[in-house]
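Here's the letter readout for the chains.
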Amino acid sequence: MKTITVSAPGKLMLLGEHAVVYGRPCIVTAVNQRMKATVELTDEPIFSLDAPDVQVTGYQKPMDQLGVGDPLTPLAQKDSTSIPKGAKFVEIALYNFYNNYKGYTKKGGIRVTTKSEFSSQFGFGSSSASTVCVIKALSEITGANLDNKTVFDLSYKTVLDIQGKGSGFDVAAAIYGGTLYFKKGGEIIEPLNVDSLPLIVGYSGIKADTVTLMNQVLEKDQLVVEGIYTDIGKLVEQAKPALLNKDWATLGKLMDDNQKLLSELGVSIPKLDQMISAATNAGAYGVKLSGAGGGDCMITLAPEDKIQAVKDGIAAAGGQVIEVGANVEGVKVENG
Ligand code: MEV
């Protein structure tokens, strides 16, 4: 039977989170910790999934039941058929592919195994990366050979089917890799020619839920929030040349400004604030949370001679320093 293995990188939001969901630009970089998916076409018309990193093992259902259960089934019909949380993105990705590319889908089944190099707790975008891996793998193994933008559109649709909202920046990072200037829904996906990005990353130890955070912001005064988004959008525009010129001091200052605005949005938390202050006090160029907030990671840029002190500061504040390289290759076929 045909088998293919595909990998895609995780991501870190550099600047522009939340505002990007409402039409402003953001900058995202792909990190050198990857999600891998092996997809096998089988004879029996059964979908099976092993995703041990998200506690899914031996999950199975008939192919004609793909997508049945949460989230595609109307609320009234939800029962024991609900799709387990860890299986949703892969299953709905399959469902969307099969719905859109009927001509390429033969009778028979699919076995999917995913394996991540990073913890799904970090907020590196494991759900989006696995969605992208599955769509890309199906595209290759069936001969549909979709281009990157079509893989993006199908993966982004999958994320929206499940989450209801989101910009798609994480999907773009998983597909295109590198460092991207991005606008919602892939309206702009512009690779930025950045050959090095010496980021230091600290994990807060707290798992955040993106949708919860996005909804939390919706409860605030939307006139104030819109003003904050506009300010964030402006600083992202200024960050683009700073990044391209490796002007880390300017980029750092913009990261600090972005963090202040995220605090005003109410998405930072004391633990992140402590880690951020520690990095600032140790001499970082700039520091901010990365992603939805409420936990997950903070990122910082520091002068060469301050890197160790910044790392020590983050650890002393109770954070876990994660060694990641940024600006790496996007989705790719590992074998097949
Ligand atoms: C979450 O990592 C970043 C948000 O901007 C959501 C999104 O862009 O999809 C809050």
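In this text the structure is predicted, and so the values were computed from the model without any measurement. (Residues numbered from 1 in each chain as written. Predicted model: local features only at pLDDT ≥ 70, side-chain atom pairs only at ≥ 80, totals over all residues. Heavy atoms only, no water.)

Enquirer: What is the right way to look at the domain arrangement of the chain in this model?
Expert: Reports of interface size often rely on the accessible area that becomes lost once the parts have come together. When its domains are assigned, the chain resolves into domain 1 (3–193 + 327–335) and domain 2 (199–322). Listed per partner, the contact involves 29 residues of domain 1 and 39 residues of domain 2. At the boundary of domain 1 with domain 2, total buried surface from both sides reaches about 2800 Å², with 67% on carbon and sulfur atoms. At the boundary of domain 1 and domain 2, one finds three salt bridges. Between lysine 240 and glutamate 190 there is a salt bridge, with its nearest N and O atoms 3.1 Å apart. Taken together, the connections running from domain 1 to domain 2 amount to 12 residue pairs in polar contact (both at pLDDT 80 or more). Counting residues per element, the ones that place at least two in the side of domain 1 that touches domain 2 are strand E1 (3–15), strand E2 (26–42), strand E6 (179–183) and strand E7 (188–192). (Domains from an automatic or database assignment. Contact = heavy atoms within 4.5 Å. Buried area = accessible area lost by both parts, 1.4 Å probe. Salt bridge = Lys/Arg side-chain N within 4 Å of Asp/Glu carboxyl O. Polar contact = N/O pair within 3.5 Å; in protein donor to acceptor, adjacent residues only side chain to side chain. Helix = DSSP H or I, 4+ residues; strand = E, 2+ residues; numbered from the N terminus.)

Enquirer: Any chance you could explain the state of the cysteines here in plain terms?
Expert: Put plainly, a disulfide is one covalent bond tying together the sulfur atoms of two cysteines. For the coordinates displayed, the defined rule picks out zero disulfides. The thiol of cysteine 26 is unpaired, and the distance to the nearest cysteine sulfur, on cysteine 297, comes to 17 Å. Judged by relative accessible area, which is 0%, cysteine 26 ranks as buried. (Disulfide = S-S within 2.5 Å. Buried < 20%, exposed > 50% of the residue type's maximum accessible area, 1.4 Å probe, protein only.)

Enquirer: Just checking my understanding: could you explain the pattern of salt bridges for this structure?
Expert: Between side chains of opposite charge, pairing is possible as soon as their charged atoms come close. Applying the stated criterion across every chain yields a total of 15 salt bridges. Between lysine 311 and glutamate 323 there is a salt bridge whose closest N-O contact spans 3.2 Å. With lysine 311 in helix H9 (residues 307–316) and glutamate 323 in the loop between strand E11 (320–322) and strand E12 (332–335), the pair connects residues that are 12 residues apart, well separated along the chain. Beyond isolated ion pairs, a larger network of salt bridges with shared partners links Lys253, Asp257 and Lys260.

Enquirer: Can you help me understand the side chain of asparagine 96 in this one?
Expert: Here asparagine 96 shows up in helix H1 (residues 88–100). Among the polar contacts made by the side chain of asparagine 96, one reaches the side chain of threonine 158 at a distance of 3.0 Å. In this structure asparagine 96 touches Leu154, Lys157, Thr158 and Asp161, once residues within four positions along its chain are discounted.

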